[in-house]
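A look at the structure
So you can see what is in the structure, the chains are spelled out below.
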Amino acid sequence: MALLPILCYPDPKLHKVAKPVVEVDPRIRTLVADMLETMYEAKGIGLAATQIDVHERVIVIDVSEERDEPLVLINPELAWTSPTTHLNEEGCLSVPGIYDGVERFDAVHVRALDLDGKPRVIEAEELLAVCIQHEMDHLMGKVFVEYLSPLKRNRIKKKMLKAQREDEQ
């Protein structure tokens with residue numbers, strides 16, 4: 001397993017649309033193991049392959065208190081969304097230190113392949129539903145700050161670019 005570098009907003013690679021995984025093979029299993037290690041090390045609850053500059057439809061999530069219930073979604077697709085939504089405070093490993101409200105469905109059903117390549121349906125609500133929607137956005141090349149007003153988004157972009165410049169010095 002290996003820790004992988006996480007792309008930071010406004011890196012244009014975060015806007016690439018991920019391609020479907022053709023086969024769940026040893027390469028994908030290694031990718032998932034590395035993504036889980038990276039997510040846990042970064043203290044995150046979800047990570048999409050897009051965030052580590054791999055543009056395939058792979059997501060890892062763990063919203064458990066003990067951080068011991070990893071969920072792997074390969075080629076996830078929304079099968080159902082609740083008619084109700086709510087505003088949820090979100091953050092992102094690609095936009096460290098920034099949190100803001102995003103409107104998300106209260107519950108979702110997602111079709112995906114598991115680590116064995118078997119199809120499954122996940123019925124999620126609350127934090128898991130929010131996390132799935134957030135990570136699926138990454139696969140479509142969308143970062144949560146794009147839900148915010150242009151003013152907020154530009155402030156965040158400037159803050160992130162300034163932090164990157166300071167890190168490089």
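Reading the values: the criteria
- Numbering of residues begins from 1 in every chain and follows the order in which that chain's sequence is written.
- Restriction of local features to residues with pLDDT of at least 70 applies here, the model being predicted, together with a cutoff of 80 or more for giving and counting side-chain atom pairs; totals for whole chains, interfaces and linings are based on all residues.
- No hydrogens and no water enter the side-chain calculation; it runs on all heavy atoms of the structure.
- Buriedness for pockets is judged along seven lines, at least five of which must meet protein on both sides within 12 Å for an open set on the 1 Å grid over protein atoms alone, while cavities are sets there where a 1.4 Å probe fits but cannot get out, and lining residues have an atom within 4 Å of a point.
- Grid points are joined across faces, edges and corners, and a volume is the space filled by probe spheres set on the points.
- Counting from the N terminus, the helices are the DSSP runs of H or I reaching at least four residues and the strands are the DSSP runs of E reaching at least two.
- When residues are grouped by polarity, Ala, Val, Leu, Ile, Met, Phe, Trp, Tyr, Cys and Pro land in nonpolar, Asp, Glu, Lys and Arg in charged, and all others, Gly among them, in polar.
- Relative accessibility thresholds used throughout: buried, under 20% of the residue-type maximum; exposed, over 50%; partly exposed, between the two (1.4 Å probe, protein chains only).
- Contact criterion: two residues are considered in contact whenever any of their non-hydrogen atoms come within 4.5 Å of each other.

To continue, consider the layout of surface pockets. Considered as a void within the structure, the largest pocket measures approximately 350 Å³ in volume. Contributing elements (two or more residues each) for the lining of the largest pocket: strand E4 (85-92), strand E5 (95-105) and helix H2 (126-139). Classifying every residue of the lining of the largest pocket gives 11 nonpolar, 7 polar and 4 charged. Taken as a whole, the second largest pocket holds about 160 Å³ of empty space. Forming the boundary of the second largest pocket are Arg 57, Leu 78, Thr 85, Glu 103, Arg 104, Phe 105, Gln 133, Met 136, Asp 137, Met 140 and Tyr 147.

Once that is clear, we can look at the environment of Pro 20. One can find Pro 20 in the segment before helix H1 (26-41). By relative accessible area, which is 54% here, Pro 20 ends up exposed. Separated by 56 residues in sequence, Pro 20 and Pro 76 have C-alpha atoms that sit 9.0 Å apart. If sequence neighbours within four positions are ignored, Pro 20 has contacts with Arg 57 and Asn 75.

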